[in-house]
Amino acid sequence: MSVALRKQLEFKPARHETSFGPFRLLHALPWLILAAAMRVIAFGGGAVALPAIIVADVSVLLAFFATARQSIEAAGGQSSLGELTFGEQLRLSFAILWRIALVMIVAALGTEAIGYGAAHHLMAGLDGMAFDQFTHPGRFWSAWIAALVLLMIIRAERDDGKIALLAAIGEFARRGLWLGAAVIVLGLVNIALAYGQEAVRSAIWNFWQTSSATPFTKNLIYFCFIFSFATLRLWITLTILTLGLRQSYIRAD
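Presented here is a report on the structure given in the accompanying data block.

Cut-offs used in this document
- Residue indices begin from 1 for each chain and proceed along its sequence in written order.
- Given that this is a predicted model, residues contribute local features only at a pLDDT of at least 70 and side-chain atom pairs are listed and counted only at 80 or more, while totals for whole chains, interfaces and linings are drawn from all residues.
- Each side-chain value is worked out from all heavy atoms of the structure, with water and hydrogens disregarded.
- Lines fitted to the C-alpha atoms define the axes, with helices restricted to the stretch that makes contact. Angles between their N-to-C directions range from 0 to 180 degrees.
- Secondary structure elements are defined from DSSP: runs of H or I of at least 4 residues count as helices, runs of E of at least 2 residues count as strands, and each element is numbered from the N terminus.
- Any angle from 65 to 115 degrees is called roughly perpendicular, while one under 35 is roughly parallel, one over 145 is roughly antiparallel, and all others are oblique.
- Take the far helix as the reference: if the near one is turned anticlockwise from it by less than a right angle, the crossing is left-handed, and if turned clockwise, right-handed.
- Contact between two residues is taken to exist if any of their heavy atoms lie within 4.5 Å; hydrogens are not considered.
- Charged residues are taken to be Asp, Glu, Lys and Arg, nonpolar residues to be Ala, Val, Leu, Ile, Met, Phe, Trp, Tyr, Cys and Pro, and polar residues to be all remaining types, Gly included.
- Put simply, buried Ala, Val, Leu, Ile, Met, Phe, Trp, Tyr and Cys residues joined by side-chain atoms within 4.5 Å make one nonpolar core.
- Here's how the labels work: a residue is buried when its accessible area is under 20% of the maximum for its type, exposed when over 50%, partly exposed in between, all with a 1.4 Å probe on protein chains only.
- Note on ring pairs: Phe, Tyr and Trp rings are taken, using the six-membered ring of Trp, and paired if centres are within 6.5 Å. Classes follow the plane angle, with under 30 degrees stacked, over 60 edge-to-face and the rest tilted.
- A carboxyl oxygen of Asp or Glu within 4 Å of a side-chain nitrogen of Lys or Arg is what we treat as a salt bridge.
- Helix span, as expected, comes to 1.5 Å for every residue beyond the first.
- Whether a set of points on the 1 Å grid over the protein atoms alone is a cavity depends on a 1.4 Å probe fitting there but being unable to get out, while an open set qualifies as a pocket with protein on both sides within 12 Å along at least five of seven lines; lining residues are those with an atom within 4 Å of a point.
- Grid points are joined across faces, edges and corners, and a volume is the space filled by probe spheres set on the points.

## Regarding the packing of helix α5 (residues 136-158) against helix α7 (residues 176-210)
Moving on, step 1. At their nearest, the axes of α5 and α7 sit 8 Å apart, and the two run at 130 degrees to each other. As summarised for this structure, α5 and α7 are arranged oblique, according to the angle between their axes. Here the hand of the crossing between α5 and α7 comes out right-handed. Contact with α5, carried on its side by His 136, Arg 139, Phe 140, Ala 143, Trp 144, Ala 147 and Leu 151, involves Leu 179, Val 183, Ile 184, Leu 186, Gly 187, Leu 188, Asn 190, Ile 191, Ala 194 and Tyr 195 of α7 and no other residues of that element.
Moving on, step 2. Residues belonging to the contact of α5 with α7 are distributed by class as follows: 13 nonpolar, three polar and one charged.

## Some words on the nonpolar core
Most often, soluble globular proteins keep nonpolar side chains buried together rather than apart.
Moving on, step 1. Residues Phe 64, Ile 96, Ile 100, Leu 126, Met 129, Ile 145 and Val 149 are the most contacted members of the largest nonpolar core, which totals 61 residues.
Moving on, step 2. Looking at this core, the elements that each hand over two or more residues are α2 (29-43), α3 (49-74), α4 (86-113), α5, α6 (165-174), α7 and α8 (215-252).
Moving on, step 3. At 13 residues, the largest contribution of residues to this core is made by α5.
Moving on, step 4. Those residues in contact with Ile 100 that lie beyond four places of it in its chain are Leu 126, Ile 145, Leu 148, Val 149 and Met 152.

## A few points about the packing of aromatic side chains
Moving on, step 1. Considering all chains together, one arrives at seven aromatic pairs under this definition.
Moving on, step 2. Taking 6.3 Å as the distance between ring centres and 70 degrees as the angle between the ring planes, the aromatic pair formed by Trp 208 and Tyr 222 counts as edge-to-face. Here Trp 208, found in helix α7, pairs with Tyr 222, found in helix α8; they are 14 residues apart in sequence, far enough to count as distant.
Moving on, step 3. A ring pair is formed by Phe 223 and Phe 227, whose centres lie 4.7 Å apart and whose planes are at 55 degrees; its orientation type is tilted. Separated by four residues within a single helix, Phe 223 and Phe 227 lie in helix α8, roughly one turn from each other.
Moving on, step 4. Connected via pairs of aromatic rings, a cluster forms that spans Trp 208, Tyr 222, Phe 225 and Phe 229.

## Describing the pattern of salt bridges
Moving on, step 1. The tally for this structure, following the rule as stated, stands at six salt bridges.
Moving on, step 2. The salt bridge involving Glu 171 is made with Arg 174; its shortest N-O contact spans 2.6 Å. Residue Glu 171 and its partner Arg 174 are both found in helix α6; the two are separated by three residues, about one turn of the helix.
Moving on, step 3. One salt-bridge network, in which partners are shared between bridges, spans Arg 155, Glu 171, Arg 174 and Arg 175.

## Re α2
Moving on, step 1. The terminal C-alpha atoms of α2 lie 21 Å apart, and with 15 residues this matches the ideal 21 Å at 1.5 Å per residue to within 8%.
Moving on, step 2. For α2, the complete set of buried residues consists of Leu 29, Leu 32, Ala 35, Ala 36, Met 38, Arg 39 and Ala 42.
Moving on, step 3. The positive-phi residue at the C-terminal boundary of α2 is Gly 45, with phi of around 75 degrees.

## Topic: the packing of α5 against α6
Moving on, step 1. At a minimum axis separation of 9 Å, α5 and α6 run at an interaxial angle of 115 degrees. When the interaxial angle is binned, α5 and α6 end up roughly perpendicular. The handedness of the crossing between α5 and α6 comes out as right-handed. For the pair α5 and α6, contact is made by Trp 144, Ala 147, Leu 148, Leu 151, Met 152 and Arg 155 and by Leu 165, Ala 167, Ala 168, Ile 169, Glu 171, Phe 172 and Arg 174, respectively.
Moving on, step 2. Considered class by class, the residues forming the contact of α5 with α6 number 10 nonpolar, no polar and three charged.

## Focus on α4
Moving on, step 1. A rise of 1.5 Å per residue sets the reference length of α4, with its 28 residues, at 40 Å; its end C-alpha atoms lie 40 Å apart and thus fit the reference within 8%.
Moving on, step 2. Within two residues after α4, Gly 115 carries a phi angle of roughly 95 degrees, on the positive side.

## A look at the layout of surface pockets
Moving on, step 1. Estimated volume of the largest pocket: approximately 430 Å³.
Moving on, step 2. Lining the largest pocket are 19 residues, with Ile 53, Asp 57, Met 123, Ala 124 and Asp 127 positioned closest to its centre.
Moving on, step 3. Those elements giving two or more residues to the lining of the largest pocket turn out to be α2, α3 and α4.
Moving on, step 4. A total of five residues in the lining of the largest pocket trace back to one element, the largest contributor, which is α3.
Moving on, step 5. Taken together, the residues of the lining of the largest pocket break down into 13 nonpolar, three polar and three charged.

Written as structure tokens, this is what we have:
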């Protein structure tokens, strides 16, 4: 068992740092806003679609980093993610992105070959870590992608920033009982969140049609709706996966 990884996940008093209470939950918000803006541009198609998708995915990864650090420390563990410079975080994001992109491409092509009609939605695996996926299988897929990203980040902390996709997949296989259970639970939670998000979206749509509120108020409500669910989804994702990974070490003893 990795001593470094054990130290990151076992219960210990977290290092003291200045806290701004509930605002710690919003560290990922600027990246989620950027990701959402890039998603809108990408949906418009054209030559800017691919660069917009890349920027959106990198932004989701940066939001994931910020949330991962807070989640690990909230569980009593320690993480060096907060010590990385912005440049180091960007390099780590791109290193993870192209590896995960290969996984998503292979999965999409493979499922397309066996006749799965929504195979292209698997390409939204990273995006689905923060924003709602399009299908129920896609929601479980995003849960597994998030587990893989978390394992790569933790290994990178131990290995001086080196990203190892195959090693992370092997780590997941070795801890498949607890991490697999965490992914299944997370997939089910993602489905529940999707239904909840759709219900809230319908209520907001009805409000838009019937309310005499100003456009600013309506837009503010929609803004809060989008990013509240994105932030909540990230926190739930990291909380479930961190607990599953920690349990895999505890039970291994």
